[in-house]
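Residue-level listing of the chains:
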Amino acid sequence: MGKIRAAITGVGAYLPDYILTNDELSRMVDTSDEWIMTRIGIKTRHILKGEALGTSYMGVQAVRNLLEKKNIDPEEIDLVICATVTPDMFFPSTGNLIAGEAGCKKAFAYDVSAACSGFLFALTTASKFIETGTCKKVIVVGADKMSSIVDYTDRKTCPIFGDGAAAVLLEPDEEGYGVIDHILHSDGTGAPHLYMKAGGSRYPASEETVRNNWHTITQDGQAVFKAAVSNMADVSVEMMERHSLTADDIRFLVPHQANLRIIDATANRMGLTRNKCMVNIERYGNTTAATIPLCLYDYEKELKKGDKLILASFGGGYTWGSVYVNWAYDGQSAK
C-alpha cells in the first residue's frame, strides 16, 4: 500500500445569471472597457441578485452540481469546508449552511477565511483529514459574493470583483495522485493595503461606519500588485525547485484570477507560456476564494490523469501560497 493522499475526484460550480459588463460599469463610475481590459483584463463578471441570497446559496448550487456529476449521496460526505470572506453571517458558518441545505447531514462543516488564498488554505486543511484516515469524502467549497462588499462608486475596485462558487471532492488515493505538497504564507503587516475596515469586533456596524463606507473593500492597488507579483511567483518557483519540476513537466499553472498582468508575471517566472495557464478572468473577474476551483471546473475536460498542476494564489491580509497537485482522473470522462 502506498502513502494515502487526498485526490481531487470531481469539480462542481455555480455562477449567477446576471452579467455585469464593462459598458454597464462605465455608466456607474468613471471608467471604460479599454481602461479595465488594459489594466486588469476583465470584460464581464457575474453578480448574484435576489432578496436574501448570500454566499451559501451559490455554494449549495456548486455542491449539488458536484454531487450530481459524481452520483454521490450527500450523506456520504464526512466534512465540508467553505473558503469565503463574504459569509452569510458570522454564525452559523457558511459551510454549515451549505452542508445543511445540500443534504450533507452526516458531515461537520466550518469556514476558512484567508481572502483570495482561502481555497488553497482550505484544500490543504482538508487533505490532512484524508491523509490521516479521519475522513473518506471531503468537499472544499470556494465561494464569495463580492458584490456585497464592493463600493460601486470606487473606480479602483468595482471593476475587479464578481460573484461565484465552485467545489471539489477529495477522496483517498494510494497510487501517487492528489495533493502532493503545499507552501502557504501569511503576513499581517499587509493588512493596511487590502482590507474591509468595519463589520467585525473592532468596528461593529454603526451609523458612523455606514456613513464612512467602512463596510466595503479598501485597496492600495500598487502595493497589492507589487506584493502579489513577487510572492505568487516566488512560491510557484519554489514548488518547482522543491520537486525538480521543469516547465515541460507542468501541464497547467492554476493561478488566482486577480489581474491578468499578475498571472502573466507568475507564468513568466516559471518559464510557462500562456497556453499552460488556466485563465478565465475575462469572463468572471476576481471571485476571491472561488477563482481557482472555477478554473478547474472550466478546464476539467482538458485534464488527464497524471497531469501536474501548480495552484497559486495571493490575497489580502496578506496571504499567499502554492499547492502541487497530481491530477487523478481524465476530465473527458466527467459529466
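Bear in mind the structure is a predicted one, so any value in this text is a computation, not a measurement.

Trainee: An account of the sheet that holds strand β11 (residues 252-255) is needed here, citing residue identities and associated values.
Mentor: Taken in spatial order, the 4 strands line up as β8-β13-β12-β11 in an open sheet, and their pairing is mixed. Looking at the sheet topology across the chains shown, the edges are occupied by β8 (178-186) and β11. Ignoring strand direction, the axes of neighbouring strands in this sheet form an average angle of 15 degrees. Looking at chain direction, strand β12 (residues 308-315) and strand β13 (residues 319-326) are connected through 8 bridges and run antiparallel. Across the sheet, I310 pairs through a bridge with Y324, a residue of β13.

Trainee: Tell me about helix α4 (residues 94-102), and name the residues and values.
Mentor: T94, G95, I98, A99 and A102 are the residues of α4 that are buried. What you see down the axis of α4 is that its buried residues fit within an arc of 135 degrees, all on one side. Exposed residues lying more than 90 degrees from the buried face of α4 are G100 and E101. Check the buried side of α4 and you find it contacts α3 (55-70), β4 (79-83), β5 (108-112) and β6 (138-145). One or two steps after α4, the chain reaches G103, where phi turns positive at roughly 85 degrees.

Trainee: Describe the packing of α3 against α4, listing the residues and the values that go with them.
Mentor: It is at 9 Å that the axes of α3 and α4 come closest, and there the two elements cross at 50 degrees. When the axis of α3 is compared with that of α4, the two are oblique. Relative to α4, α3 is oriented so that their crossing is right-handed. Between α3 and α4, the residues in contact are T55, S56, G59, V60, V63, R64 and L67 and T94, L97, I98, E101 and A102, respectively. Partitioning the contact of α3 with α4 into residue classes produces 6 nonpolar, 4 polar and 2 charged.

Trainee: Describe the sheet that holds β5, naming the residues involved and giving the relevant values.
Mentor: Spatial strand order, β1-β7-β6-β4-β5: 5 strands in an open sheet with mixed pairing. A single partner strand is all that each edge strand has here, and the edge strands are β1 (5-14) and β5. Averaged over all adjacent pairs, the angle separating strand axes in this sheet is 20 degrees, with direction ignored. Lying over the sheet, α3 contacts β1, β6 and β7 (163-173), oriented at roughly 115 degrees with respect to β1. Its contacts with the sheet place α4 against β4, β5 and β6, and it is angled at close to 140 degrees to β5.

Rules and cut-offs
Residues numbered from 1 in each chain as written. Predicted model: local features only at pLDDT ≥ 70, side-chain atom pairs only at ≥ 80, totals over all residues. Heavy atoms only, no water. Pairing = 2+ DSSP bridges. Helix = DSSP H or I, 4+ residues; strand = E, 2+ residues; numbered from the N terminus. Axes fitted to C-alpha atoms, helices over the stretch in contact; angles between N-to-C directions. Buried < 20%, exposed > 50% of the residue type's maximum accessible area, 1.4 Å probe, protein only. Arc of directions from axis to C-beta. Contact = heavy atoms within 4.5 Å. Parallel < 35°, antiparallel > 145°, perpendicular 65-115°, else oblique. Left-handed = near helix turned anticlockwise from the far one by under 90°. Nonpolar A, V, L, I, M, F, W, Y, C, P; charged D, E, K, R; others polar.

The analysis is restricted to geometry; functional conclusions fall outside its scope.
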